[in-house]
Amino acid sequence: MSVKTDFLVIGSGIAGMVYALKVAEHGNVILISKTVLEETSTKYAQGGIAAVMYSPDTYEKHISDTLKAGAQINDEEIVRITITESTERVKELIEWGTKFDKESSGRYNLAREGGHSEFRILHHKDNTGFEIQRALTETVKAHSNISVWENCFTIDLLTQHQKGVNLKEIKGEIECYGAYVLNDKNEIKTVLARKTMIATGGMGNIYQTTTNPIIATGDGIAMAYRAKAEVENLEFVQFHPTSLYNPRETPSFLITEAMRGAGAILRTRKGEKFMHKYHELGSLAPRDIVARAIDNEMKLSGDEYVYLDPSKISETELLNHFPSIYAKCLKLGIDITKDMIPVVPAAHYACGGIKTDKYGRSSIKNLYASGEVASTGLHGANRLASNSLLEAAVFSHRSAMNAISSFKEVEHELNIPEWDAEGTVLNEEMILITQSKKELQSIMTNYVGIVRSNIRLKRAYDRLAIIYQETEDLYDKSILSEEICELRNLINVAYLVIKLAMRRKESIGLHYSIDY
Ligand code: FAD
Ligand code: SIN
């Protein structure tokens, strides 16, 4: 059951869609989404997309803010590329139909977020991602060269490994030939592609509390790692300082940083301001600092949340700029025009991932990665707010240009065996999977969170090893399902976070250890 395509795109968020729309002008495309096209982290983005639009903002200022947030371990060339190409990429999103808010003068209304020295965030009210996803989805669905596969789960990449070669004996480069995909009829398709793009997003679900939708299970990073691609910087997990405190809700609802940009400030449950003790920018300090400060205040007081006080923002602005947050809070009995909002940090963004170069190329031939799954070098030790949608647009464009220029030279690899399901007889018990997932999330939350230590990391490593072995055994015996694959991927990426955190013997950016 093999299928051939010029371009295989795994993921339907901003990264996958931008790439797909560009390569589809030159060849045929299969675009895969694990649920429906629209269900992505992209859809939940609130604050907006950072881009230099008008003076007094300059590329140099945005570059400097990005490097400062990233603790200067960003790749400066990549930072320069991303920021200097920001205006072009944003214009393209607008041409595809995205509507960003404007002022009566016709200029775009720009917001400000933590770590930004200027107002430079283009937004659509407080649901920018929804608007971007809407525009891209409509454009993709109308493109005759793009074949959309919804509710299809990519299991693993095809490389020389699947041809029965022991990877250790491969002399030249590892090459990617496509992927094995489990479809909604429980068939496993062998998708042969000249060029493969991984755009599978983040991995927030390795933690108990995350802003990420349930699709964010680190699948792309795990499958690339299994195929021996280089990965990096996974110890830098960004916790968003302000998710709505509502313990029974998964994923956690975000309270955008743009609200602090508009004047909201953080207070303890007793109503005292505290951010000035931690940073001169107060509530608008970079995210790692704000999240750690909240964590510390909660530990000192024993409280389960702090407050975000929006009383400095006018009622008109609250209702016009933040209608989704207003409606959500009101449903829970919080009227943000009068009340403070209870907030807690939540796992939000993976700064690391599959290592890519300036054309989005991974270390595996004909395999690209873009968006949250990739590590381009832009973010360094901590991502500047609203730089991720931008990064995805810039590197999907660059990957597309590179793939277009070379895909005709690549022959489909026809010598790939069908998926081997022999020996898999067990219909795994769901309880084994759900319980292991809970254990994993508890390990990561308790030992690999905002504040780390050597002893906690070692404990996490040892505990995870047990779940890893149990899950590998179960996977080998089980009839393949999305649930067992996701659990395996979550464990793989959690292992990488812990391993890279153990290797980093310093406190820097999002990796903060009491031992250094
Ligand atoms: P996603 O948009 O997550 O898309 C992933 C795609 O991969 C999905 O289609 C999924 O189905 C598919 N997929 C995953 N695994 C598989 C598999 N095994 N098989 C098949 N398909 C698979 N960033 C900003 O710059 N500005 C913001 O204002 C902002 N706000 C945010 C608010 C929230 C609540 C969240 C969660 C994130 C926010 N971010 C923001 C971060 C940003 O939204 C994400 O980093 C970005 O959207 C990721 O885009 P992506 O295309 O890489 O992945
Ligand atoms: C937010 O709106 O606060 C999220 C912005 C981001 O994650 O970049």
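Above this note sits the structure.
Computed from a predicted structure; not experimentally measured. (Residues numbered from 1 in each chain as written. Chains lettered and ligands numbered in written order. Predicted model: local features only at pLDDT ≥ 70, side-chain atom pairs only at ≥ 80, totals over all residues. Heavy atoms only, no water.)

Student: So what about the packing of aromatic side chains? Which residues, and what values?
Tutor: Given two aromatic rings, their pairing is described by the distance between the two centres and the angle made by the two planes. What the rule picks out here adds up to ten aromatic pairs. The interplanar angle of 40° and the centroid separation of 6.1 Å between the aromatic rings of Tyr 461 and Tyr 495 together place this pair among those described as tilted. On the criterion of sequence distance, the pair formed by Tyr 461 in helix H14 (residues 454-477) and Tyr 495 in helix H15 (residues 482-503) is long-range, its members being 34 residues apart. Judged by relative accessible area, Tyr 461 falls into the partly exposed class, the value being 33%. (Phe/Tyr/Trp six-rings, centres within 6.5 Å; stacked < 30°, edge-to-face > 60°. Helix = DSSP H or I, 4+ residues; strand = E, 2+ residues; numbered from the N terminus. Buried < 20%, exposed > 50% of the residue type's maximum accessible area, 1.4 Å probe, protein only.)

Student: How would you explain the site of ligand 1 if you had to name every residue and give the values?
Tutor: As a matter of local geometry, ligand 1 sits amid 37 residues, with Ser 12, Thr 42, Gly 48, Glu 372 and Ser 388 nearest to it. Ala 15 is positioned with one of its backbone polar atoms (N or O) 3.0 Å from an oxygen atom of ligand 1. Within the contact set of ligand 1, a nitrogen atom lies 2.8 Å away from a side-chain nitrogen or oxygen of Asp 219. Contributing elements (two or more residues each) for the shell around ligand 1: helix H1 (14-23), helix H2 (41-44), strand E7 (153-158), strand E14 (341-350) and helix H12 (388-406). If one sorts the elements of the shell around ligand 1 by residue count, H2 sits on top with three residues. Across the shell around ligand 1, the residue classes break down as 13 nonpolar, 20 polar and four charged. (Near = heavy atom within 4 Å. Polar contact = N/O pair within 3.5 Å; in protein donor to acceptor, adjacent residues only side chain to side chain. Nonpolar A, V, L, I, M, F, W, Y, C, P; charged D, E, K, R; others polar.)

Student: Quick one: what's the story with the state of the cysteines, residue by residue and with numbers?
Tutor: This model, assessed by the stated rule, comprises zero disulfides. Note on Cys 485: no disulfide assigned, nearest cysteine sulfur contributed by Cys 152 at a separation of 13 Å. (Disulfide = S-S within 2.5 Å.)

Student: How would you explain the site of ligand 2 if you had to name every residue and give the values?
Tutor: Residues in close proximity to ligand 2 include Gln 46, Gly 47, Glu 113, His 240, Leu 254, Thr 256, Glu 257, Arg 287, His 348, Arg 383, Ala 385 and Ser 386, which together make up its full environment. His 240 is positioned such that a nitrogen or oxygen atom in its side chain is 2.7 Å from an oxygen atom of ligand 2. Separating an oxygen atom of ligand 2 from a side-chain N or O atom of Thr 256 is a distance of 2.6 Å. In the complex, the protein chains occlude 92% of the 260 Å² of accessible area that ligand 2 would expose alone. Among the residues forming the shell around ligand 2, the class breakdown is two nonpolar, six polar and four charged. (Areas by Shrake-Rupley, 256 points an atom, 1.4 Å probe, with all protein chains shown as cover.)

Student: Got a sec to walk through the sheet that holds E14? Specific residues and values, please.
Tutor: Overall, antiparallel pairing links the four strands, which are arranged E11-E14-E13-E12 in an open sheet. Each having just a single partner strand, strand E11 (237-244) and strand E12 (265-267) make up the two edges of the open sheet. Taken pair by pair, the neighbouring strands of this sheet meet at an average axis angle of 45°, ignoring direction. Bridge count between strand E13 (residues 306-309) and E14: three bridges; the pairing is antiparallel. Bridge pairing in E14 links Leu 308 to Ile 341. Its contacts with the sheet put helix H9 (residues 287-301) on E11, E12, E13 and E14, and the angle it makes with E11 is roughly 60°. (Pairing = 2+ DSSP bridges. Axes fitted to C-alpha atoms, helices over the stretch in contact; angles between N-to-C directions. Contact = heavy atoms within 4.5 Å.)

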